[in-house]
Amino acid sequence: MRRTIVALSLISALAGLTACNDNQETSSAVIHQQHIKAADAFSDAARVLGSAVGEVCQAQTEKTLAASRSAWQVLMQDWMVFQGREKGSEQALALAWQIQFWPDKKDITGRKMEQLLAQDTKWTAELLAEQSVAVQGLGAMEWLMYANPDKLSQPNGCALATAVSQRLIDSGEALAEAWKANPWQAMTPQLALGEYVGALTNQLDFALKKLTLPMGKPGHPRPYQAESWRSQTSMNNLKANVQAMQSLYLADGKGLDALLRAQGEAALADRIAGQFNSLIAGWPQSASMGELLKTRDGYRELISIFNGMEYLRFALHDEVSPALGIVVGFNATDGD
């Protein structure tokens, strides 16, 4: 009788483990599809930006400049899905710096762009690919559109803008191609789960860096260290990061939230889901971090955002990982 009870307990445990593994495999497939969709969206947005740049170069007006800026912002928001995750397709990860050079504490982008414009060269995407990554991506386009829109009415400036936009189109196509294959398919379910949680924690750590770098010390902010300070859209970018992390966490009802609930951790899942909702619902109205850094009330709003994100960081690092039996930060390619 005792052997029968032990055998039944073992069968029950194995069935539970199999169900958990099946859920993890489902999560991997859903998350891969999320990345495919996001990469395709980025690629499409890059082409829209390229068309908008062409229209500005043909005839710069308030309307065409506004349209190109809007297209740039859409592309920037689409990039926020991937920014800082550092997990997944190795080919996709290799594109990160040429798509966005940040942080740029010494304004390398501005200095390099000035140097390119000073040369007697008609820039193309092919020639630009041989230059610094600081002039190949989103930051370079922002420099032209927001800090130096007058350059777009000049032949050399227009040629450079066209080259940058084409380089972004090339990067977008490469990103979409890189994500066609599922990088987690050959992994064990538990290892794929570790990569999943690692992607979330990496992106959260990067987002916290984006917030704290310009905040500096109380009374000594550094607004020019904010991402997209030229376009004054840094808070929009950061919100897009949080929304992307929320989407990754939920994964259409088959992600980490569902896995936690399947493991009997509904209370923890509720707290994390609630924190995401609270963060987004209470997001500051200002799109510019620089503006918020000018006042005490604005700085308090940023501290509130920091506290909310830090809570998520604690939950992922110190509660989710032990609950699911994984080690955050394990890299499938490091040979451990």
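Residues numbered from 1 in each chain as written. Predicted model: local features only at pLDDT ≥ 70, side-chain atom pairs only at ≥ 80, totals over all residues. Heavy atoms only, no water.

This structure, assessed with the given rule, holds one disulfide. Covalently, Cys57 is tied to Cys158 through a disulfide, its sulfur atoms 1.8 Å apart. In this pair, Cys57 is assigned in helix H1 (residues 2–58) and Cys158 in helix H8 (residues 155–178), connecting sequence segments 101 residues apart. With relative accessibility at 24%, the residue Cys57 sits in the partly exposed group. Look at Cys158 and you get buried, because its relative accessible area is 13%. (Disulfide = S-S within 2.5 Å. Helix = DSSP H or I, 4+ residues; strand = E, 2+ residues; numbered from the N terminus. Buried < 20%, exposed > 50% of the residue type's maximum accessible area, 1.4 Å probe, protein only.)

A contiguous patch of positive charge, built from Lys105, Lys209, Lys217 and Arg222, is present on the exposed surface. Along the chain, the position of Arg222 falls in the loop between helix H9 (189–215) and helix H10 (234–250). (Patch = residues over 30% accessible without salt bridge, like charges linked within 9 Å, V, L, I, M, F, W, Y side chains within 5 Å. Areas by Shrake-Rupley, 256 points an atom, 1.4 Å probe, with all protein chains shown as cover. Salt bridge = Lys/Arg side-chain N within 4 Å of Asp/Glu carboxyl O. Lys, Arg positive; Asp, Glu negative; His and termini not counted. Charge placed at Lys NZ, Arg CZ, Asp CG, Glu CD.)

Let us look at the nonpolar core. Core analysis: the biggest nonpolar cluster contains 92 residues, and Leu49, Leu175, Tyr249, Leu256, Ile272 and Met309 have the highest contact counts within it. Contacts of Tyr249, omitting those with residues within four sequence positions, involve Tyr196, Leu200, Gly255, Leu256, Asp257, Leu260, Ala269, Ile272, Ala273 and Phe276. (Core = buried A, V, L, I, M, F, W, Y, C linked by side-chain atoms within 4.5 Å. Contact = heavy atoms within 4.5 Å.)

Enumeration over the complete set of coordinates arrives at nine aromatic pairs. Pairing Tyr224 with Trp229 gives two aromatic rings, centres 4.8 Å apart and planes at 85 degrees, and the pair type is edge-to-face. What links up through ring pairs into an aromatic cluster is the set Phe42, Trp79, Phe82, Trp179 and Trp184. (Phe/Tyr/Trp six-rings, centres within 6.5 Å; stacked < 30°, edge-to-face > 60°.)

When pLDDT is averaged along the protein, the result is 91; 90% of the residues meet or exceed 70. Contacts of residues 1–19 to residues separated by more than four positions or lying in other chains number zero contacts, the stretch itself having pLDDT below 50. Low pLDDT (under 50) marks residues 330–336, which in the prediction has ten contacts with non-local residues, meaning those over four places away or in another chain. (pLDDT = per-residue confidence, 0-100.)

Scanning the entire structure with this criterion turns up 13 salt bridges. Glu227 is paired through a salt bridge with Lys210; the nearest N and O atoms lie 2.7 Å apart. Of the two residues, Glu227 is situated in the loop between H9 and H10 and Lys210 in helix H9; the sequence distance between them amounts to 17 residues. Note on Glu227: relative accessible area 3%, which makes it buried.

Once that is clear, we can look at unusual backbone geometry. The linkage connecting Trp102 with the following residue, Pro103, adopts the cis geometry, with an omega of 5 degrees. Position of Pro103 relative to the elements: it lies in the loop between helix H4 (96–99) and helix H5 (108–118). Positive phi, normally seen in glycine, also occurs at Ser228, with a value near 55 degrees. The class of Ser228 is buried, set by a relative accessible area of 5%.

A word on helix H12 (residues 266–281). The terminal C-alpha atoms of H12 lie 22 Å apart, and with 16 residues this matches the ideal 22 Å at 1.5 Å per residue to within 8%. Inspection of H12 places Leu268, Ala269, Ile272, Ala273, Gln275, Phe276, Leu279 and Ile280 among the buried residues, and these make up the whole buried set. Projected down its long axis, H12 shows its buried positions confined to an angular sector of 150 degrees, all on one face. Of the exposed residues in H12, the ones pointing more than 90 degrees away from its buried face are Ala267 and Ala281. On its buried side, H12 packs onto H10, helix H11 (256–262) and helix H14 (296–324). (Expected span 1.5 Å × (residues − 1). Arc of directions from axis to C-beta.)

Take H14 next. For H14, spanning 29 residues, the distance from its first C-alpha to its last is 41 Å, which sits close to the expected 42 Å at 1.5 Å a residue. In H14, a bend of some 35 degrees at Leu316 exceeds every other bend along the element. Gly298, Tyr299, Leu302, Ile305, Gly308, Met309, Leu312, Ala315, Leu316, Val320, Ser321 and Leu324 are the residues of H14 that are buried. Where H14 is buried, its residues contact H9, H10, H11, H12 and helix H13 (289–292). (Bend = angle between axes of the 7 residues up to and from the residue.)

Turning our attention to the packing of H9 against H10. Relative orientation of the contacting elements H9 and H10 amounts to 165 degrees, with a least axis distance of 10 Å. Between H9 and H10, the angle is such that the two are roughly antiparallel. The two elements H9 and H10 cross, and the hand of that crossing is left-handed. Along its contact with H9, which presents Tyr196, Ala199, Leu200, Gln203, Leu204, Ala207, Lys210 and Leu211, the element H10 presents Asn237, Leu238, Asn241, Ala244, Met245, Leu248 and Tyr249. The residue inventory of the contact of H9 with H10, partitioned by class, reads eleven nonpolar, three polar and one charged. (Axes fitted to C-alpha atoms, helices over the stretch in contact; angles between N-to-C directions. Parallel < 35°, antiparallel > 145°, perpendicular 65-115°, else oblique. Left-handed = near helix turned anticlockwise from the far one by under 90°. Nonpolar A, V, L, I, M, F, W, Y, C, P; charged D, E, K, R; others polar.)

Within the fold, Asn237 resides in helix H10. Taking the relative accessible area as the measure of exposure, Asn237 reaches 1% and is therefore buried. Separated by 3.3 Å, the side chains of Asn237 and Glu227 make a polar contact. Ignoring any residue separated from it by four or fewer positions in sequence, one finds Asn237 in contact with Met76, Gln77, Met80, Lys210, Glu227 and Ser228. (Polar contact = N/O pair within 3.5 Å; in protein donor to acceptor, adjacent residues only side chain to side chain.)

Before going further, it helps to spend a moment on the environment of Ala134. Within the element layout of this structure, Ala134 appears in the loop between helix H6 (125–128) and helix H7 (138–147). In this structure Ala134 comes out as buried when scored by relative accessible area, which is 2%. As for Ala134 and Trp97, which are separated by 37 residues in sequence, their C-alpha atoms are 7.8 Å apart. In contact with Ala134, other than residues within four places in its own chain, are Phe101, Ile108, Thr109 and Ala140.

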